[in-house]
Structure formats: C-alpha cells, structure tokens
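What the coordinates show
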Amino acid sequence: MPSNLPIGIFDSGVGGLTVLRHIREQMPSESLVYVADRHHLPYGKKSDEFILSRSVAIAEFLLSQPVKAIVVACNTATAAAVQTLRQRFELPIIGMEPGVKPAIEHSRNHIIGILATERTLGSGKFKMLLERHANDSELFIKPCHGWIEHIETGKQSAATTRSIVEETLSPLLTKGIDTLVLGCTHYPFLIEQIREVAGDSVLIIDTGLAVASHLQRRLEEHDLLCRSTSRGGERFWCSGSMDEMRQLLTRLWGNQAELSPLPDQANRS
Ligand code: DGL
C-alpha cells in the first residue's frame, strides 16, 4: 500500500477532532480525511447493530478514497464495531477506549471518575477493561447527559453548558475522586468547564494523544509513514447539515477546511 495515501478518521460528529488535532500535531505531513456522521448522532443512544452498520458503511467509504489506515475516533463506535472492522478490512484500524489503565496508574487515592456515553459504559468491551485493570480502585461511572448535544449545537461556552457539567461532576467530586477519565472524544471540548468545576487537584485523563502516538507506531511498523516533508492537508466529509458542520469546523478547526457531503451510499443506516 502506498505510504502517501491519507489516514481516515471518523466519529459520530465533531468529537473526533480532539483526536485529529493530536494526529495533525504529531504527523504534520500526513494527509487526513475526516468523516463526521452527524446525521446519526448521538451514537451513545443507538443500538450496537446500528453503530456497527454505520461504522462499516463509513469504513467502506474511507476505503474507496482510498486510505492507508483508519482511526475510529469514537469510544462508542470502537466498543460496538472495531472487532468486526478488523475482521472485515485489511488495513491498520486503530480504536479508542476510556483511559482506565492510565487513570489507575496515576491516581493517588484510587478514587476515580469515569465519564463516557451510555453505550460505551454498557458495552462488554468496557466491562472487560474494568475486569482487567480495576483491581481495588473505587470507580464511579457516569454517562454525561446533554454534553454531546451542547457541543454539536455550538453551545460550548453557554451558561447552560457549565451547569450540566456541574450537575454531572458534583456527585463524583463528593466521592473524593482525584482522577477523571474523559471516555468520549467530545468531552475534551469542555475541558475549561471541567477544570473550573473539578479544580486543579483532579487529574484529567484524555487518550487522544496516546491514540495519535499508537497510530504513528502502527504506521511505522507497516512502513506506511508518509515520507513527504511538505505539510499534509485535511479533507472533511459529513452526513447531516452542511451549514451546521461548516460553522462548527470554522469554530473548532479553522476556516480553510474543505468540506463535502457524505455520498448517499455511505449514508444509509
Ligand atoms: N464521540 C463519541 C465517543 O467517543 C460519542 C458521541 C456520540 O454519542 O455520538 O464515544
């Protein structure tokens, strides 16, 4: 496979941009193709079958570009689909999982909060993650109602956003957590509000950077790192409203983003 092909990245919406920015920083010459499946979000409230069929359709679309690797920049889609994607497609496929392991390694009091979507928290993959790493830590697990909807409607800085963050975090802070896992790629967009509410003493774990490093290692192993010295570009595709996505991209990524609608065959569910 030619090493100058782009890397494909997808999420239900703009959450995966929090991973994309680490990939861009770490690998400036790679070309990146990002799919935001906004018409079908939130994945966290959909069935495993639905998320799997969306993930397969998007992976097929990315392969038609073509791409040399796929990053499932979504904890929810990883839990529901990464295994099938790896069985079905022969290219490096990188998934994500909530950073339970680093949280346990870094927590001093072993009282840890874990935030993710309902679908991620109810998945077999998450249960296995806890069985493997939880040991004798006290884990407080919470889905974040309304967070994704606030981010996807551009209400990141609204006063209501700060209050839903407070509502979610208060019970965890009362339990004395010293570490908080952001187990959904959308949540780092609320990092300011999270820090304000949680205070400086709570360590926040986001796995975006670790995923970018893992991707780089996998590309290296397969001799797929781009050899060009010039800066790679980004191309965005989305389902759902193009206007909304354009506004979000301008705010969260930058003006020059090249955006196209996801073709019909990749849009079925
Ligand atoms: N960003 C996705 C994740 O990391 C979830 C968003 C959704 O529920 O659509 O889990």
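Below or above, wherever it landed, is the structure these notes cover.

Rules of the game
Residues numbered from 1 in each chain as written. Predicted model: local features only at pLDDT ≥ 70, side-chain atom pairs only at ≥ 80, totals over all residues. Heavy atoms only, no water. Axes fitted to C-alpha atoms, helices over the stretch in contact; angles between N-to-C directions. Helix = DSSP H or I, 4+ residues; strand = E, 2+ residues; numbered from the N terminus. Parallel < 35°, antiparallel > 145°, perpendicular 65-115°, else oblique. Left-handed = near helix turned anticlockwise from the far one by under 90°. Contact = heavy atoms within 4.5 Å. Nonpolar A, V, L, I, M, F, W, Y, C, P; charged D, E, K, R; others polar. Phe/Tyr/Trp six-rings, centres within 6.5 Å; stacked < 30°, edge-to-face > 60°. Buried < 20%, exposed > 50% of the residue type's maximum accessible area, 1.4 Å probe, protein only. Near = heavy atom within 4 Å. Polar contact = N/O pair within 3.5 Å; in protein donor to acceptor, adjacent residues only side chain to side chain. Areas by Shrake-Rupley, 256 points an atom, 1.4 Å probe, with all protein chains shown as cover. Domains from an automatic or database assignment. Pairing = 2+ DSSP bridges. Right-handed = clockwise from strand over helix to strand, strands pointing away. Expected span 1.5 Å × (residues − 1).

1. Focus on the packing of helix H8 (residues 159-174) against helix H9 (residues 191-198)
Across the interface, H8 lies against H9 with an axial gap of 9 Å and an inter-helix angle of 45 degrees. Of the possible angle classes, the one that applies to H8 and H9 is oblique. The interaxial crossing formed by H8 with H9 has right-handed handedness. Seen from H8, the contacting residues are Thr161, Arg162, Val165, Glu166, Leu169 and Leu173; seen from H9, they are Gln193, Ile194, Glu196, Val197 and Ala198. Residue composition of the contact of H8 with H9, by class: six nonpolar, two polar and three charged.

2. Observations regarding the packing of aromatic side chains
Aromatic ring pairs are described here by two measures, namely the spacing of the ring centres and the angle between the planes. For the structure shown, the criterion picks out four aromatic pairs. Geometrically, the ring pair formed by Phe236 and Trp253 is edge-to-face, given 5.9 Å between the ring centres and 65 degrees between the ring planes. Here Trp253 lies in the loop between helix H11 (242-252) and strand S10 (258-261) and Phe236 lies in strand S9 (residues 234-239), a separation of 17 residues in the sequence. On the basis of relative accessibility, which here comes to 0%, the residue Phe236 falls in the buried class.

3. Comments concerning the site of the ligand
Taken together, 13 residues lie near the ligand, and Ser12, Tyr43, Gly44, Thr76 and His186 sit nearest. Within the side chain of Asp11, one N or O atom sits 3.0 Å away from a nitrogen atom of the ligand. In the environment of the ligand, an oxygen atom lies 2.6 Å from a nitrogen or oxygen atom belonging to the side chain of Thr76. Burial of the ligand by the protein chains amounts to 100% of its free accessible area of 300 Å². Partitioning the shell around the ligand into residue classes produces five nonpolar, seven polar and one charged. Each of domain 1 (7-96 + 209-267) and domain 2 (100-206) accounts for three or more of the residues forming the shell around the ligand.

4. Concerning the sheet that holds strand S7 (residues 179-182)
Reading across from one edge, S6-S5-S7-S8 is the order of the four strands in this open sheet, with parallel pairing throughout. Of all strands in the sheet, those with a lone pairing partner are strand S6 (138-143) and strand S8 (203-205), marking the two edges. Recorded for the sheet is a direction-independent mean angle of 20 degrees between the axes of neighbouring strands. Across the face of the sheet, H8 comes into contact with strand S5 (111-116), S6 and S7 while running at roughly 170 degrees to S6.

5. A word on the sheet that holds strand S1 (residues 7-11)
Taken together, the six strands give an open sheet; going across it, the order is S4-S3-S1-S2-S9-S10, and neighbouring strands pair in parallel fashion. The sheet is open, and its two borders are formed by strand S4 (93-94) and S10, each paired with just one other strand. Pairing of strand S3 (residues 69-72) with S4, which is carried by two bridges, proceeds in the parallel orientation. Bridge pairing in S4 links Ile70 to Ile93.

6. So, the pairing of S1
Counting buried positions along S1 yields five of five residues, so the element is predominantly enclosed. Across the two faces of S1 the burial is the same, with Ile7, Ile9 and Asp11 and Gly8 and Phe10 all buried. For S1 and strand S2 (residues 32-37), the ladder comprises five bridges, and the chain directions are parallel. What sits directly across from Ile9, in S2, is Tyr34. Of the crossover connections in this fold, the one passing from S1 over helix H1 (residues 17-26) to the parallel S2 is right-handed. With four bridges joining them, S1 and S3 adopt parallel strand pairing.

7. What about the environment of Ile151?
Mapped onto the secondary structure, Ile151 falls in helix H7 (residues 147-152). Not counting residues within four places of it along the chain, the set of residues in contact with Ile151 comprises Val14, His186, Phe189, Leu190 and Leu248.

8. A look at helix H3 (residues 75-88)
In a regular helix each residue adds 1.5 Å, so 14 residues correspond to 20 Å; H3 covers 19 Å between its end C-alpha atoms and thus fits that length. Those residues of H3 lying buried are Asn75, Thr76, Ala77, Thr78, Ala80, Ala81, Val82 and Leu85. Contacts from the buried residues of H3 go to S1, helix H2 (48-64), S3, S4, helix H5 (118-121) and helix H6 (124-133).

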